[in-house]
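Overview (structure and organization)
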Amino acid sequence: MPHPGSKSRRLRSAIIVVALVAVIGAITWTLIRDENSSPAPATSSTAGATAIAAVPSADRNRAANASKPAAQLRHAAATRALPPPGTPLAQTYADLKARADAGDAAAASRLFHDIFRCVMAREQLLSAPTTAALLLEGDTSKLSAEQLTAREKHLANLEETLGKARRNTQLCEGLDETQSLLTPVMLQAARLGDVAASNCYVAGNMLADPRLFDHPEWLTEYKANALAMAQAGVAQGDWGMVAQLQHAYARDGYAMLALGRITGPDPVQNYRYLKLRRLGANSQNAPYYDKNLAFVAHDLSADEVAAGDAWAQDTYLRYFSAVPENTIGAHNSPTCADD
């Protein structure tokens, strides 16, 4: 006989699956901004402010473009319009990929977002039958009115998600396996300044790709690019990157930067990023940050706390004046971006 709590646990699991599908595929962040603040010079964590550096590959792209006449670049940008939204990728992939590889930021961004939709649609359609079965399982006569309402809400959300996934699959028809690889186009879009792609990449989105073992170079590229990309995101006023870096330096850091051993526990850096998040916190999140700042400060000297406060204040004023409120929940680290 099943344990009385087993059905409840399975329903909670189904709800979590639905929530993850919705969150990964349709997070409506206000983080996708394009501030053109110049990154600060890199410094070591022991000698002052945290390094906020530009991504090396992005610098190389800019250097290559600098050799071209400015008028030529402006003309090319003005005359190369993107395909209409919703155009099947089989028709646009080759052109968008060539343009992205040549350093066209708009084409790289468009290709990333379109392939992201394809990948998410596939995952949503694969997981939907199991999720729906768990939600529909059991005798509804034993549910309270509140439980019935929640069940209907989750079913409605699932149907909405599936409707969007079915529409998005039409975008992806005709793509071969190589063309549907997300990680390479995500990296290129991130290198060229797409904030959404950068957040997905730094969060380790490629780990969910079953073809990861066929592409060990992805992990090598991640180690070479992720930290600089995250730091550059801070210089763009991206609260998502602030959250990822803070979690990466925490004692129990669970961000991909920490799990990949690119960073490790660092109470000085953890305090700085916590303080920066606190400066942008709303009234609901502020108590959480205050409590954690006090806890982390116990391991720091008075000088380290003062330096951390100064760094956070300076960084906030320099890079976050256009987006002063931290919209990432206090307990959350973002994984991807709105599509």
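Keep in mind the model is a prediction, meaning the values are calculated, not measured.

**Quick word on the nonpolar core**
Counting residues in hydrophobic clusters, the biggest one holds 57 residues, and the most contacted among them are Phe112, Leu276 and Phe320. Ranked by the residues each element gives to this core, the list is headed by helix H5 (residues 105-136), at 9 residues. When near neighbours in sequence (up to four residues on either side) are disregarded, Phe320 contacts Val234, Gly237, Asp238, Trp239, Val242, Leu276 and Thr315. Core analysis: the second largest hydrophobic core is formed by 10 residues, Val268, Ala286, Val296 and Leu300 among them.

**Structural notes on unusual backbone geometry**
When glycine is set aside, most residues are seen to have a negative phi, and most peptide bonds are trans. One non-glycine residue, Arg261, lies in positive phi territory at about 60°. Turning to its location among the elements, Arg261 is positioned in the loop between helix H11 (256-259) and helix H12 (267-279). Given the relative accessible area of 77%, Arg261 is considered exposed.

**Digging into the packing of aromatic side chains**
Any two aromatic rings considered together are summarised by their centre-to-centre distance and by the angle between their planes. Scanning the model with the defined rule gives 7 aromatic pairs in all. With 6.1 Å between their ring centres and 10° between their planes, Tyr249 and Tyr273 make a pair best called stacked. Of this pair, Tyr249 sits in helix H10 (residues 239-249) while Tyr273 sits in helix H12; the two residues are 24 residues apart in sequence, bridging distant segments of the chain. With relative accessibility at 0%, the residue Tyr273 sits in the buried group.

**Looking at the state of the cysteines**
With the rule as written, the count across this model stands at 1 disulfide. For Cys118, the disulfide goes to Cys172, at an S-S distance of 2.0 Å. When the S-S torsion is -105°, as for the bridge of Cys118 with Cys172, the disulfide is left-handed. Note that Cys118 is positioned in helix H5 and Cys172 in helix H6 (residues 145-172), a separation of 54 residues in sequence. You can call Cys118 buried: its relative accessible area is 8%. For Cys172, a relative accessible area of 16% gives the class buried.

**Topic: the pattern of salt bridges**
Following the criterion strictly, the structure yields 10 salt bridges and no others. Between Asp309 and Lys275 there is a salt bridge, and its shortest N-O distance comes to 3.9 Å. You can see Asp309 sitting in helix H14 (residues 302-319) and its partner Lys275 sitting in helix H12, a full 34 residues away along the chain. When the shortest N-O distance is used, the salt bridge between Asp290 and Arg278 registers 2.7 Å. Of the two residues, Asp290 is situated in helix H13 (residues 286-297) and Arg278 in helix H12; the sequence distance between them amounts to 12 residues. You can call Arg278 partly exposed: its relative accessible area is 24%. Connected through salt bridges with shared partners, the residues Asp95, Arg99 and Asp104 form a single ionic network.

**Overview of the confidence of the model for the protein chain**
Mean pLDDT over the protein chain: 78, with 74% of residues reaching 70 or higher. When the elements of the protein chain are averaged for pLDDT, helix H1 (residues 6-26) gives the smallest value, 40, and H14 the largest, 98. Predicted confidence for residues 53-67 stays below pLDDT 50, and this span has 25 contacts to residues more than four positions away or in other chains.

**Remarks on helix H9 (residues 217-234)**
Given a rise of 1.5 Å per residue, 18 residues ought to cover 26 Å, and the 26 Å separating the end C-alpha atoms of H9 matches this to within 8%. Within H9 the residues assigned to the buried category are Trp218, Tyr222, Asn225, Ala226, Ala228, Met229, Ala230, Gln231, Ala232, Gly233 and Val234.

**Thoughts on the environment of Leu182**
Within the fold, Leu182 resides in helix H7 (residues 182-191). By relative accessible area, Leu182 is classed as buried at 4%. Separated by 64 residues in the primary sequence, Leu182 and Cys118 place their C-alpha atoms 9.2 Å from one another. Excluding anything up to four places from it in sequence, Leu182 contacts Phe112, Ile115, Phe116, Val119 and Asn205.

Basis of the calculations
Think of each chain on its own: its residues are numbered from 1, step by step along the sequence as written. Totals for whole chains, interfaces and linings use every residue, but because this is a predicted model, local features are given only for residues with pLDDT of at least 70 and side-chain atom pairs only at 80 or more, for both listing and counting. Hydrogens are left out, water is left out, and the side-chain values use all remaining heavy atoms of the structure. Residues enter a nonpolar core if they are buried and are Ala, Val, Leu, Ile, Met, Phe, Trp, Tyr or Cys, with the set joined through side-chain atoms within 4.5 Å. Summary of the burial criterion: residues with accessible area below 20% of their type's maximum are buried, those above 50% are exposed, and those between are partly exposed, where the area comes from a 1.4 Å probe applied to protein chains only. Secondary structure elements are defined from DSSP: runs of H or I of at least 4 residues count as helices, runs of E of at least 2 residues count as strands, and each element is numbered from the N terminus. Any two residues having at least one pair of non-hydrogen atoms within 4.5 Å are treated as being in contact. Note on ring pairs: Phe, Tyr and Trp rings are taken, using the six-membered ring of Trp, and paired if centres are within 6.5 Å. Classes follow the plane angle, with under 30 degrees stacked, over 60 edge-to-face and the rest tilted. Sulfur atoms of two cysteines make up a disulfide when they are within 2.5 Å. Only one rule defines a salt bridge in this text: a Lys or Arg side-chain nitrogen within 4 Å of an Asp or Glu carboxyl oxygen. Each residue gets a pLDDT score, which is the predictor's confidence in that residue and runs from 0 to 100. Between the first and last residue of a helix there are one fewer steps than residues, each counted as 1.5 Å, and that sum is the expected span.

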